[in-house]
Amino acid sequence: MANFAPQMEIITDIYHIEGLPECAATIGVFDGVHAGHQQIILQMKSDAMQAGYKSMVITFDRQPRELFDANYKPQVLTTLKEKLLRLSIYGVDYVVVLPFTIELAKLSAREFMQQVLRQKLNVRLLRLGYDNRFGHGRTEGFDDYVRFGREMDMTVVQGTPLQFTGYTEPVSSSLIRRLIAEEGCVNEASGLLMCQYRLTGTVKPGEHIGGTLGFPTANMEPENDGKVIPASGVYAVKADLGDGQQRPAMMNIGTRPTFDGQKQTLEVNILDFEGNLYDKTITVYFVQRLRDERRFDSPEALVAQLEEDKKKVEQIINKQ
């Protein structure tokens, strides 16, 4: 076990632990730790408090599908590190990160509940999401989990879906991924995430086109190629250069059609910033999408648009 935050202990090896106290737990991938996840975590914490148990969030070190499909490249809202940081906010006592292995995948729901949840983790109350399914083949449902739990002195309860006004489906990681990747609706996604979506990456040399236009950009390569990239377009963002200060910036995601670009790039112009950023790690927080990326008739026309974009970014960030 290793301390990650004063209130939270992380368990990554369940086969060499002993003496865990009785726990209330919830289990899931928790990609993004969005508002729906937060609701069930808080419900589980309330369960734990009422029963006198410790609180526990159980998650996985990867997307389960990665184990069975070598060609599957997950697109995630949070890396494991980011997910743990998000979970630490909610003051749970334990976070268990289960390595998703062939052996684990072969366990039936009853075997998983008995061998992992009850025997190893001392789970006495399990709160599940409204659509949570687990166990080999995921053939059983909630009523089965309740019955299995009764056999092993474990109470199983079910959470309720969380639906925001204006959406036709409950809050989910897949809904948020669509909003970001397909529509560029980063503001709406942030509302469901309860925080601004972010990308972290390293600044690498580019083609210096922005500098020649008076808008020098940092060419950003994401540190994790599995994170969701917002849809092509121009965005108002805030950039952290590693010092904790979030500077107003605008970001272009696309192929730079005015200059016949072919490869997608992520370019960040930090407003009124001077300095060398090469090889620095920066984190970009997405605030709002400004417009589509498009081809301009001339570099001068592009510069005029960039000036307008800059004014909009300043207005948007100043309202934050």
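Preceding this paragraph is the structure being described.
These notes cover the structure that comes with them. (Residues numbered from 1 in each chain as written. Predicted model: local features only at pLDDT ≥ 70, side-chain atom pairs only at ≥ 80, totals over all residues. Heavy atoms only, no water.)

## A word on the packing of helix α5 (residues 109–120) against helix α6 (residues 142–151)
Logical step 1: The N-to-C vectors of α5 and α6 enclose an angle of 40°; their axes lie 10 Å apart at closest approach. Relative to α6, α5 is oriented so that their crossing is right-handed. Along its contact with α5, which presents A109, R110 and M113, the element α6 presents Y145, F148, G149 and E151.
Logical step 2: The residue makeup of the contact of α5 with α6, split by class, is 4 nonpolar, 1 polar and 2 charged. (Axes fitted to C-alpha atoms, helices over the stretch in contact; angles between N-to-C directions. Helix = DSSP H or I, 4+ residues; strand = E, 2+ residues; numbered from the N terminus. Left-handed = near helix turned anticlockwise from the far one by under 90°. Contact = heavy atoms within 4.5 Å. Nonpolar A, V, L, I, M, F, W, Y, C, P; charged D, E, K, R; others polar.)

## Remarks on helix α8 (residues 186–193)
Logical step 1: If you check which residues of α8 are buried, you get V186, A189, S190, L192 and L193. Angular distribution of buried residues about the axis of α8 spans 160°; they occupy a single face of the element.
Logical step 2: The inward-facing, buried residues of α8 abut α1 (35–51), α3 (80–88), α7 (173–181), β10 (233–240) and β13 (281–291).
Logical step 3: A positive phi of about 65° marks M194, the residue just after α8. (Buried < 20%, exposed > 50% of the residue type's maximum accessible area, 1.4 Å probe, protein only. Arc of directions from axis to C-beta.)

## A closer look at the layout of surface pockets
Logical step 1: Here the largest pocket is characterised by a volume of approximately 1100 Å³.
Logical step 2: If you list the elements that add at least two residues to the lining of the largest pocket, you get β3 (23–27), α1, α2 (65–68), α4 (102–106) and α7.
Logical step 3: It is α1 that provides the largest number of residues to the lining of the largest pocket, a total of 4 residues.
Logical step 4: A class-by-class count of the residues in the lining of the largest pocket yields 17 nonpolar, 17 polar and 6 charged. (1 Å grid on protein atoms, 1.4 Å probe; cavity = no way out; pocket = protein on both sides within 12 Å on 5 of 7 lines; lining within 4 Å. Points joined across faces, edges and corners; volume = space filled by probe spheres on them.)

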